[in-house]
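So you can see what is in the structure, the chains are spelled out below.
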Amino acid sequence: MSTIPTATRRRVLEALGVGTAALAGCASAPGAKEQSTEAETTPQEPAMNAAQQTDVDRIAADPTDIPDPIDRSQPKTVSVEMTTKEQVAEIESGVTYTYMTFDGQIPGPMVRVRRGDTVELTITNEEGNSMPHNIDLHAVRGPGGGAEASMVTPGQTETFRFKATYPGAFIYHCAVPNLDMHISSGMFGMILVEPKDGLPEVDHEFYFGQHELYTTGEAGEKGHHDFDMDAMAAEDPTYVLMNGEKYAITPDRYGAPSISVGDTARVYFVAGGPNLDSSFHPIGSVWDEVWQQGSIAGPPNKFVQTTPVKPGSCAIATLHAEVPGPIKLVDHALSRVARKGMMAVINREGSANPDVFEPEA
């Protein structure tokens, strides 16, 4: 445990521009340097340097990489391990950035458990990282959502347990000082706590996450983008992204997942923020059902065109395919789509259905 008095820690955090709400995320950081993120986020001069060599080819999570639905009727202990990583990757071609992630992907891996399960969660801060990290899960009843228990400095590992006492889809995120920068840089994901009776069966499930990224330079400007704290304070992002990269889940980037005409699909969506609401809309369809805030304990809304998702929250939505063609998943604050990179695509494949849509009437 830290030996720094609480009042002293509070003064340090306030000097960094982090309020007392962040104290829960740093109180148990052995040897953590609370001011370490300040030097890392000072905009560079000149504003743009040459693009850096990337550590990974892809930071965008595969939206089909989801744990299987729960098929048991009794609770169990579920072991989950995650590693925090700081890695250089491309936002778009020729534009690099040093991301922060859980397990090297954005959003971080979906954790899927059943109400009543006990989760044993192990967090490792990869050796060679420059900053402390932790995890705050909104599915946890406990100090800081687990942030105090999981604070890890580079090379350190911590484990804690919690019981999943309520169902729903909940965000998890890093919650150290300058937590908004860490989330903006990619440190967020979803934990799904299924109800005891499980979820209705669907043909496909997909997992997406939105966040905004505040950088030096303009969107599309070639080079290595530093983080811009002033732009974040002004809530003026350079990019608004789905799964961490510009138009990542589209045919022109990594490809789009597909469903067939007649299929049903469930979409899990987490808004990392750290600041902007999402107006989540499927162009070419509507949401057949939406569980707002990921609140699957209650009834869904029906036939929703655009659902608001607050930063630090989730949505669960279903749709079905009646005609072929793309469904474009967007934030209907459309300048974010046209100017800042916010779009993903799900393809519908199969025979035309002129009773529903006839393109050449």
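Scroll up to find the structure.
Colleague: Tell me about the pattern of salt bridges, and name the residues and values.
Modeller: According to the stated counting rule, one finds 12 salt bridges in the structure shown. Linking D117 and R72 is a salt bridge whose minimum nitrogen-to-oxygen distance equals 2.6 Å. A residue pair is termed long-range when its members are at least 10 positions apart, and D117 in the loop between β3 (108-114) and β4 (118-125) and R72 in the loop between α2 (36-40) and β1 (77-92) qualify at 45 residues. On the accessibility criterion, D117 (0% relative accessible area) is buried. With a shortest N-O distance of 2.7 Å, R161 and E120 are connected by a salt bridge. Pair noted here: R161 is in strand β6 (residues 157-163) and E120 is in strand β4, with a separation of 41 residues, a long-range link. On the basis of relative accessibility, which here comes to 22%, the residue E120 falls in the partly exposed class. Linked through salt bridges whose partners overlap, the residues forming this network are R112, E194, E205 and R266.

Colleague: Could you give me a rundown of the environment of P299, with the residues and numbers involved?
Modeller: By the element assignment, P299 lies in the loop between β15 (287-292) and β16 (301-304). Classification of P299 by relative accessible area gives exposed; the value is 76%. Measuring from C-alpha to C-alpha, the distance between P299 and E289 comes to 9.1 Å, with 10 residues separating the pair along the chain.

Colleague: Summarise the pairing of strand β2 (residues 95-102); cite the residues concerned and give the values.
Modeller: Within β2, 7 of the 8 residues are buried, leaving the element largely enclosed by the surrounding structure. Pairing of β1 with β2 involves 8 bridges; the strand directions are antiparallel. Residue pairing in the sheet places T84 in a bridge with F102 of β2. Turn length for the β1-β2 hairpin, with the two strands adjacent in sequence and antiparallel, is 2 residues, and the turn residue G94 shows positive phi of about 85°. When β2 meets strand β10 (residues 223-224), the two strands line up parallel, connected through 2 bridges. Its bridge partner being in β10, V95 is matched across the sheet by G223.

Colleague: Describe the packing of aromatic side chains, and please don't skip the residues or the numbers.
Modeller: Tallying each qualifying case throughout the model produces 7 aromatic pairs. Ring centres 5.3 Å apart and planes at 85° place the aromatic pair Y97 and Y99 in the edge-to-face group. Across the pair, exposure class does not vary: Y97 and Y99 are buried alike. The structure contains a cluster of three or more aromatic residues connected by ring pairs, namely F269, F280 and W287. One cation-aromatic arrangement involves R58 over Y254; the distance from NZ or CZ to the ring centre is 4.3 Å.

Colleague: I'd love a proper account of the sheet that holds β10, names of residues and values included.
Modeller: Read across the open sheet, the 5 strands follow the order β6-β4-β1-β2-β10; overall the sheet is mixed. In the strand order of this sheet, the two ends are held by β6 and β10, each with one partner. Here β1 pairs with β4 via 8 bridges, running parallel. When the bridges of β4 are listed, V78 appears paired with V119.

Colleague: I'd love a proper account of the pairing of strand β13 (residues 264-273), names of residues and values included.
Modeller: For β13, a buried count of 9 out of 10 residues is recorded, marking the element as mostly surrounded by other parts of the structure. Taken together, the 8 bridges between strand β9 (residues 204-213) and β13 define a ladder with parallel strand orientation. Within β13, the residue paired with F208 across the bridge is F269. When β13 meets strand β18 (residues 313-320), the two strands line up antiparallel, connected through 8 bridges. Each bridged residue has a counterpart across the sheet, and for A265 the counterpart in β18 is L319.

Thresholds applied
Residues numbered from 1 in each chain as written. Predicted model: local features only at pLDDT ≥ 70, side-chain atom pairs only at ≥ 80, totals over all residues. Heavy atoms only, no water. Salt bridge = Lys/Arg side-chain N within 4 Å of Asp/Glu carboxyl O. Helix = DSSP H or I, 4+ residues; strand = E, 2+ residues; numbered from the N terminus. Buried < 20%, exposed > 50% of the residue type's maximum accessible area, 1.4 Å probe, protein only. Pairing = 2+ DSSP bridges. Phe/Tyr/Trp six-rings, centres within 6.5 Å; stacked < 30°, edge-to-face > 60°. Lys NZ or Arg CZ within 6 Å of the ring centre and 35° of its normal.

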